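The primary structure of each chain is shown beneath.
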Amino acid sequence: MNILAGIGRAILGLLADIGRLTAFTGRTLAACVSPPIYGRLIAIQILRIGYFSLPVVGLTAFFTGGALALQIYLGGNRYGAEAIVPQIVVLGITRELGPVIAGLMVAGRVAAAIAAEIGTMKVTEQIDALTTLATNPIKYLVVPRLIAAIVSMPILVGIADSIGVFGGYVVSTQSLGFTGSIYLKNTVDFATRQDINSGLIKAAVFGFIIALMGCYNGFNSKGGAQGVGAATTAAVVSSSILILAANYLLTSILFHT
Amino acid sequence: MTAKIELIGVKKRFGSKVVLDGVNLVIEKQSSTVIIGGSGTGKSVTIKCILGILTPDEGTILIDGVDVTRLRGAARDPVMRKFGMLFQGAALFDSLPVWENVAFGLIQGRGMARAAAKKIAIEKLAKVGLGEDVAYLSPSELSGGMQKRVGLARAIAADPEIIFFDEPTTGLDPIMADIINDLIVSTVRDVGATALSITHDMVSSRKISDRIAMLYQGKIIWDGPTAQIDQSGNEYVDQFIHGRAEGPIKMAVKA
């Protein structure tokens, strides 16, 4: 009987969480389309979320592109298809690895930072203070982060795609014996506009997920330092899982599989 | 005459825990009322219900005779512009310098130009005894007493009609507590505001109020002029104001 009660409580808790998240998302989207929109805060958040994530996203993309080139070369070698490295690297990076790796890295860096900052504001009553100063906390704290993440992520992924392909190029030309000009020609000839656009669409959705989960968990943090720590962990874990789930869903939709 | 704030049968529970169980309270215009009561008796919840941060489960809250109990969004903005609040921990925004904290409600809440708001912020800081040099510091560079002063300057920056004080002297040494009490009395008088404070500091209560109400088990069990609290005839009030362990009030160990 206790086991059934435990399962029931867990299901009710999950449903309550989904309900709270849905209500929070609804309030946030409503706030996005009503004034005031804080342009200065959006610009600051683009700097924090986008610009300051460039080093970590760039480095990750470079090494991922390089490792991908090595694996494709080794795998292709079994069937005498080593020459396909540039085509598969550009396909893998633009469609999947660019947006997913960038999304996960930004989730780790930004969702955690957002949850920690807003969570601390919650437990120190700074969010209540915003309300008493006739300022809507959703508009002031959530909307700028959400818009900044949606704008920044496609730019980050565009750069990550370029650096990832470059990583594959460096490994292929320096270690695998490819000619630089032919590698680049094969890359450019093979990549289609849809390959690149699909990655950028995914990036915008991942940006939405990262900012939303960071803000939601921050707003719902309880207690003191421990509560903020738990909110930070929950933000990273939930945004990472949702990114991977959304990636599968978007791949199914965008490529009609 | 219409009361500035009126609470009628306000109830609020969190899960199975009843915090407010029918609070009735009338606060006259330009009066200074203090709600006293032990920790966890619902003092903060009462203020948060008036501010609209929490919504009561039952009951009515009137501000200037207007029912604001369930006002939300843009409809609530004119009501919020009547309020100023000093939080227990000051609740200063640590991402902003002191002057922007003080000017925040003017810039974000009222759309005032930054330069004009900064001038007012520096004037208000001077009112609470802080020089212009403090205006450019970060809140983390200030002592607890200075943070309270900045919080007070922020609370009065927009010349609000109603100012709330949440445990204004908690965590301060007796001298700084007395300074903050004096500042509360003088600033409320200067602004011509109605003040509602919550505290369990009886020295502070006597100094800053002209009326005291005691909250116990979710209800106001006594309400009267500050001068009469020693003759309340209420054994709960007597135990609380004299800080006696023995008496009808049994402190709960768990929240």
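Everything that follows concerns the structure shown earlier in this document.
Residues numbered from 1 in each chain as written. Chains lettered and ligands numbered in written order. Predicted model: local features only at pLDDT ≥ 70, side-chain atom pairs only at ≥ 80, totals over all residues.

## Things to note about the nonpolar core
Residues and elements named next belong to chain A.
Okay, step 1: Grouped together as the largest cluster of nonpolar side chains are 138 residues, with contacts concentrated most on A111 and I210.
Okay, step 2: Tallying contributions element by element places helix 4 (residues 85–123) first for this core, with 18 residues.
Okay, step 3: In contact with A111, not counting residues within four places along its chain, are I210, M213, G214, A235, V236 and S239. (Core = buried A, V, L, I, M, F, W, Y, C linked by C-beta atoms within 7 Å. Buried ≥ 20, exposed ≤ 12 C-beta atoms within 10 Å, placed from the backbone. Helix = DSSP H or I, 4+ residues; strand = E, 2+ residues; numbered from the N terminus. Contact = placed C-beta atoms within 7 Å.)

## Points about the pairing of strand 9 (residues 211–216) of chain B
Residues and elements named next belong to chain B.
Okay, step 1: Of all six residues in strand 9, five are buried, a share of seventy percent or more.
Okay, step 2: Direction of pairing for strand 9 relative to strand 10 (residues 219–225): antiparallel, over a ladder of six bridges. What sits directly across from M214, in strand 10, is W222.
Okay, step 3: Hairpin connection from strand 9 to strand 10: two residues lie between these consecutive antiparallel strands, with Q217 at a positive phi of about 50 degrees. (Pairing = 2+ DSSP bridges.)

## A look at the pairing of strand 4 (residues 58–63) of chain B
Residues and elements named next belong to chain B.
Okay, step 1: The pairing of strand 1 (residues 5–14) with strand 4 spans five bridges and is classified as antiparallel. Paired with K11 across the bridge in strand 4 is E58.
Okay, step 2: The pairing of strand 4 with strand 5 (residues 66–67) spans two bridges and is classified as antiparallel. Looking at strand 5, one finds that I63 is bridged to V66.
Okay, step 3: Here strand 4 hands over to strand 5 after two residues, with D64 in that stretch at a positive phi of 55 degrees.

## Examining the interface of chain A and chain B
Okay, step 1: Listed per partner, the contact involves eleven residues of chain A and 15 residues of chain B.
Okay, step 2: Per-element accounting of the side of chain A that touches chain B gives the leading share, five residues, to helix 5 (residues 126–132) of chain A.
Okay, step 3: Across the side of chain A that touches chain B, the residue classes tally to four nonpolar, five polar and two charged. (Nonpolar A, V, L, I, M, F, W, Y, C, P; charged D, E, K, R; others polar.)

## A look at the sheet that holds strand 5 of chain B
Residue and element names in this part refer to chain B.
Okay, step 1: If you walk across this open sheet you meet the four strands as 2-1-4-5, and the pairing is antiparallel. The two strands at the open ends of the sheet, each matched to only one other strand, are strand 2 (17–27) and strand 5.
Okay, step 2: Here eight bridges tie strand 1 to strand 2, and the two strands are oriented antiparallel to one another. What sits directly across from L7, in strand 2, is L25.

## Describing the sheet that holds strand 7 (residues 162–166) of chain B
All names here are of chain B.
Okay, step 1: In spatial order, the strands read 6-7-8-3-9-10; together these six strands make up an open sheet with mixed pairing. Of all strands in the sheet, those bounded by a partner on one side alone are strand 6 (83–86) and strand 10. Averaged over all pairs of adjacent strands, the angle between their axes in this sheet comes to 15 degrees, without regard to strand direction.
Okay, step 2: Direction of pairing for strand 7 relative to strand 8 (residues 194–199): parallel, over a ladder of five bridges. Paired with F164 across the strands is L196, a residue of strand 8.
Okay, step 3: Of the strands in this sheet, strand 3 (32–36), strand 9 and strand 10 are in contact with helix 9 (residues 235–242), which crosses strand 9 at around 105 degrees. (Axes fitted to C-alpha atoms, helices over the stretch in contact; angles between N-to-C directions.)

## Things to note about unusual backbone geometry
Okay, step 1: Omega for the peptide link from P35 of chain A to P36 of chain A comes to 0 degrees, which places this bond in the cis form.
Okay, step 2: Looking at the secondary structure, you find P36 of chain A in the loop between helix 1 (2–32) and helix 2 (39–49).
Okay, step 3: Its identity is not glycine, yet A90 of chain B carries a phi of approximately 75 degrees, on the positive side.
Okay, step 4: Position of A90 of chain B relative to the elements: it lies in the loop between strand 6 and helix 3 (98–109).

## With respect to the packing of helix 1 of chain A against helix 6 (residues 137–175) of chain A
All names here are of chain A.
Okay, step 1: Close contact between helix 1 and helix 6 brings their axes to 9 Å; oriented N to C, the two are set at 85 degrees. On the basis of the axis angle, helix 1 is roughly perpendicular to helix 6. When helix 1 is examined against helix 6, the residues R27, T28, A31 and C32 are found in contact with a partner set consisting of I138, K139, V142, V143, L146 and I147.
Okay, step 2: In terms of residue class, the contact of helix 1 with helix 6 is made up of seven nonpolar, one polar and two charged. (Parallel < 35°, antiparallel > 145°, perpendicular 65-115°, else oblique.)

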